[in-house]
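A look at the structure
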Protein chains: 2
Amino acid sequence: MNILLQLLLILFLAKIFAEIIERAGFPGILGEMAAGIFLGMLWINPDDDILSFFSMLGAIFLLFIVGYKEINLQEVKASIKIALIPTLCSVIVPFSFGFLLGKAFNLEFIECLFIGVAFSPTSIGVSVRTLIDLDYLSKKIGSTMLSSAILDDIIGIFMFSVLISIATYHHIPTSMQLMIIGGKFVIFLIIMIILGWKVFPVLFTYIHKMQVKESIFAFVFMIAIFSAYLAEVFSLHAVIGAFIGGACLSSIPFAKIEDVQNKVSGISYGIYNNEQCDK
Amino acid sequence: MNILLQLLLILFLAKIFAEIIERAGFPGILGEMAAGIFLGMLWINPDDDILSFFSMLGAIFLLFIVGYKEINLQEVKASIKIALIPTLCSVIVPFSFGFLLGKAFNLEFIECLFIGVAFSPTSIGVSVRTLIDLDYLSKKIGSTMLSSAILDDIIGIFMFSVLISIATYHHIPTSMQLMIIGGKFVIFLIIMIILGWKVFPVLFTYIHKMQVKESIFAFVFMIAIFSAYLAEVFSLHAVIGAFIGGACLSSIPFAKIEDVQNKVSGISYGIYNNEQCDK
C-alpha cells in the first residue's frame, strides 16, 4: 500500500479511536493502541522501514518533550529514591511469573529466563503517554512514575545484557562486563551534563543570532536527535537519551521559547500515534 | 550510517550553509542545496527509502504551507493569464536547447527529445523556497511566479506523458489519451473544490469539538497528506496536490488557527532541508 495512505490511515484511526476512548473516560492512548493493533492485523506491515523509523521518531520526541517542557527535573531526581523499591518489584514480579510460566511448560532454564526477561520491562513511552493523558505527569506521582519508568528501562537493559551473555557464552557476565554496561551509562550522563551545562547555553546564544528561518526550532530538533543517537552509541535506548537531552535544554532560556516548545509539542503528539502499531 | 546520524548531519549542514549564504546576501536555499550536493557526494545515500520519504514529506509540507498560509489564492488565479506566455517560453527555450544539444552530439531523435524534456521543468519546490527566502511570495510578482511554477509542472507532466508514449508505442498519444491526462487534472480539481467548499468546513466544526490533544493540528496534517496522495492517484505530482489542499483549508476559520499554522510552518521549514539531497 502507498506509504502516504498508510500514514493517513494510522493518523486518522488513532485520533478517532482516541477520541472515542477519551469520551468514555479512559486515557486516549488505549484507543490509539487499539487502532494500532487493528491496523497491524489488517493492513499495515509494522516491519516497514519507513513506518518503523517514524514510530521511533515519535517515541524520541515524546520523551524529549517530557524532558524539555513537561517535567520538573528536580522532582524527578528527588523521587528516584522513592521509586527504587516499587520499580524493583515491578521488575521482579513479572520476571518471576514469566520464568515460572516457562517452568510450568517444562522449557529449558535459558528459555524460562528469556520469557521472564520478555515479561519484565514496561514501555516507557506508553507509561508517559498514559500519565500525560490523565494529566498526572506534572504532579508528584507523575514524576515518581517517570523515575520508575526510567529505572525500569535501565534495569531492563542490564537484564538483557546478562541474558545475552548467558545464552552466548554460557556463563553470567563477569563483574568487569557489568561495570562496562554501568560505566557506559555514567559516561553518557556525564557527557550530557557537560553539554547541557557548558556547551548548549553558548551554542544557543549563537543560534539566537542566526538569520535563517526557524533556526532555534531546527536546533532543538537536532539536539533531540543527537541525544537519542548518542544514547544508542552507549548501548542505551534512544528514548532515554532524548529525555535527558530535553532535560538539558529545559534550563536554557534561549532554547525554551514558548513558540518553539509548541512546535516540538505538535510534532510529538502528532507523530507519536504511529508508535502504537509496532507494539 | 545510522539514519539518525544522517538526519542530524543533513539538518546541521543545511542550516549552517544556509546561514553563511544568507549572510552573504543570497537566498538561503542556495546554501542548503550546496549542503545537499556535498553530503550526497560524500556520505549520504540519496536513494535511501527513509530519507527519500522524508524529503518527499518536506516538499509536500512546503507547498502545503504555501497554499495554507502564505499565498492569496485570488491573486494566484488572477495571475495565471499573465504567467502563461512566460511559462511557455521557460519550457520551450530549455527544451530546444536540450534537443539541439542532443543533435550536436549526433544522438537519435528520441534521445534528443529525452534530453529536451529533462531540461524543461523547474523544481516547483526550489522556486517557492527561493521566493520565500527573498520575501517575494506574498507580493504580486511572487504569486505570478508561483502560478508559472504550477503551470510549468503540469506542462512538464504532459510532455513526459507524450514522450513516454512515443518511446513505448512509437507514435504520439492520440487526442483521446491527451484528454484523459487533462481530464484527470480537472477531476482532481473538482473533487478538491467540493471538499474545500462543502466537506472540510463541516469536518472542522466537528474536529474543533474533539477532546483529544492536538486534534486540529493532526487533521490539518492529514489533509496535507490526503491531498498529496489523491494527486498521485490522478497521476499528478504530490506537491501540486498539497498546494491545492492547503489552499482549500485557507478559507476555513476553524482550520486556520494561528497556533496550528505555526506548527505546520515549523515542520515545513524544519524538514524541507532534506529535500535538497535528492536533487
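Residues numbered from 1 in each chain as written. Chains lettered and ligands numbered in written order. Predicted model: local features only at pLDDT ≥ 70, side-chain atom pairs only at ≥ 80, totals over all residues. Heavy atoms only, no water.

Moving on, we get to the nonpolar core. Nonpolar side chains tend to gather and get buried jointly when the protein is soluble and globular. By size, the foremost hydrophobic cluster in this structure holds 144 residues, and its most contacted members are A:F204, A:L249, B:F204 and B:L249. Not counting residues within four places of it along the chain, the set of residues in contact with B:L249 comprises B:F64, B:Y68, B:F200, B:F204, B:V220, B:I223 and B:A255. (Core = buried A, V, L, I, M, F, W, Y, C linked by side-chain atoms within 4.5 Å. Buried < 20%, exposed > 50% of the residue type's maximum accessible area, 1.4 Å probe, protein only. Contact = heavy atoms within 4.5 Å.)

With 47 residues of chain B at the interface, the matching set in chain A holds 47 residues. Between chain B and chain A the total buried area reaches about 4400 Å² when both faces are included, carbon and sulfur atoms providing 77% of it. Our count for the contact surface shared by chain B and chain A stands at eight residue pairs in polar contact (both at pLDDT 80 or more). The dominant element in the side of chain B that touches chain A, judged by the number of residues it contributes, is helix α1 (residues 3-23) of chain B, at 13 residues. Classifying every residue of the side of chain B that touches chain A gives 29 nonpolar, six polar and 12 charged. (Buried area = accessible area lost by both parts, 1.4 Å probe. Polar contact = N/O pair within 3.5 Å; in protein donor to acceptor, adjacent residues only side chain to side chain. Helix = DSSP H or I, 4+ residues; strand = E, 2+ residues; numbered from the N terminus. Nonpolar A, V, L, I, M, F, W, Y, C, P; charged D, E, K, R; others polar.)

Looking now at the packing of aromatic side chains. In the structure shown here, the tally under the stated rule is 21 aromatic pairs over all chains. Look at B:F95 and B:F99: their rings are 6.2 Å apart centre to centre, the planes differ by 25°, and that puts the pair in the stacked class. Highlighted residues: B:F95 and B:F99, both in helix α4 (residues 73-104), separated by four residues, approximately one helical turn. The class of B:F99 is buried, set by a relative accessible area of 16%. For the ring pair B:F188 and B:F234, a centre distance of 6.2 Å and an interplane angle of 55° mean the geometry is tilted. In this pair, B:F188 is assigned in helix α8 (residues 175-208) and B:F234 in the loop between α9 (215-233) and α10 (238-249), connecting sequence segments 46 residues apart. Taken individually, B:F188 and B:F234 each receive the classification buried, so the pair is uniform in this respect. Just above the ring of A:W197 sits the side chain of A:K198; from NZ or CZ to the centre is 4.7 Å. (Phe/Tyr/Trp six-rings, centres within 6.5 Å; stacked < 30°, edge-to-face > 60°. Lys NZ or Arg CZ within 6 Å of the ring centre and 35° of its normal.)

In this section: the domain arrangement of chain A. All names here are of chain A. When its domains are assigned, chain A resolves into domain 1 (1-43) and domain 2 (63-271). Computed over C-alpha atoms, the centres of domain 1 and domain 2 are 25 Å apart. Each partner contributes residues to the interface: domain 1 has eight residues there, and domain 2 has seven residues. At the boundary of domain 1 with domain 2, total buried surface from both sides reaches about 550 Å², with 60% on carbon and sulfur atoms. Together, P27, I29 and E32 form the three largest contributors to the area buried by domain 1 at its contact with domain 2, with a combined 64%. Note that E32 and R129 form a salt bridge whose closest N and O atoms lie 3.0 Å from each other. Counting across the domain 1 and domain 2 interface gives three residue pairs in polar contact (both at pLDDT 80 or more). Among the elements of the structure, α1 (3-23) and α2 (28-42) are those that each provide at least two residues to the side of domain 1 that touches domain 2. Among the elements that line the side of domain 1 that touches domain 2, the one with the most residues is α2, at four residues. For the side of domain 1 that touches domain 2, a count of residues per class yields four nonpolar, one polar and three charged. (Domains from an automatic or database assignment. Salt bridge = Lys/Arg side-chain N within 4 Å of Asp/Glu carboxyl O.)

For the rest of this paragraph, the subject is the environment of B:L107. Residue and element names in this part refer to chain B. You can see L107 is positioned in the loop between α4 and α5 (109-119). Separated by 43 residues in the primary sequence, L107 and F64 have C-alpha atoms spaced 40 Å apart. Those residues in contact with L107, other than ones at most four positions away along the chain, are G102, C112 and I115.

A few words now on the relation of the copies chain B and chain A. The two copies are related by a screw motion: chain B maps onto chain A through a turn of 180° and a shift of 0.0 Å along the axis, at an RMSD of 0.1 Å. Taken together, the rotation and translation describe the operation of a two-fold axis. Looking at chain B, 100% of its interface residues are interface residues in chain A too, so the copies touch through the same face. (Least-squares fit on C-alpha atoms with pLDDT ≥ 70 in both.)

This paragraph deals with the pattern of salt bridges. What the rule picks out here adds up to six salt bridges over all chains. When the shortest N-O distance is used, the salt bridge between A:R129 and A:D133 registers 3.2 Å. Placement of the pair is A:R129 and A:D133 together in helix α6 (residues 124-133), with a separation of four residues, close to one helical turn. Notably, a salt bridge pairs B:E19 with B:R23, separated by 2.6 Å at the nearest N-O pair. Linking B:E19 with B:R23, this pair stays in helix α1, spanning four residues, or about one helical turn. Salt bridges sharing common partners tie together A:E32, A:R129 and A:D133.

Right, let's get into the side chain of A:E19. Note on A:E19: relative accessible area 8%, which makes it buried. Once residues within four sequence positions are removed from consideration, A:E19 is found in contact with B:K209, B:M210, B:Q211 and B:V212.

Their axes nearest at 9 Å, the elements helix α9 (residues 215-233) of chain A and α1(B) cross at an angle of 150°. Put simply, α9(A) runs roughly antiparallel to α1(B). For the pair α9(A) and α1(B), the crossing hand works out as left-handed. Contact residues: A:A218, A:F219, A:F221, A:M222, A:I225, A:F226, A:A228, A:Y229 and A:E232 in α9(A); B:L4, B:L5, B:L7, B:L8, B:L11, B:F12, B:K15 and B:I16 in α1(B). For the contact of α9(A) with α1(B), a count of residues per class yields 15 nonpolar, no polar and two charged. (Axes fitted to C-alpha atoms, helices over the stretch in contact; angles between N-to-C directions. Parallel < 35°, antiparallel > 145°, perpendicular 65-115°, else oblique. Left-handed = near helix turned anticlockwise from the far one by under 90°.)

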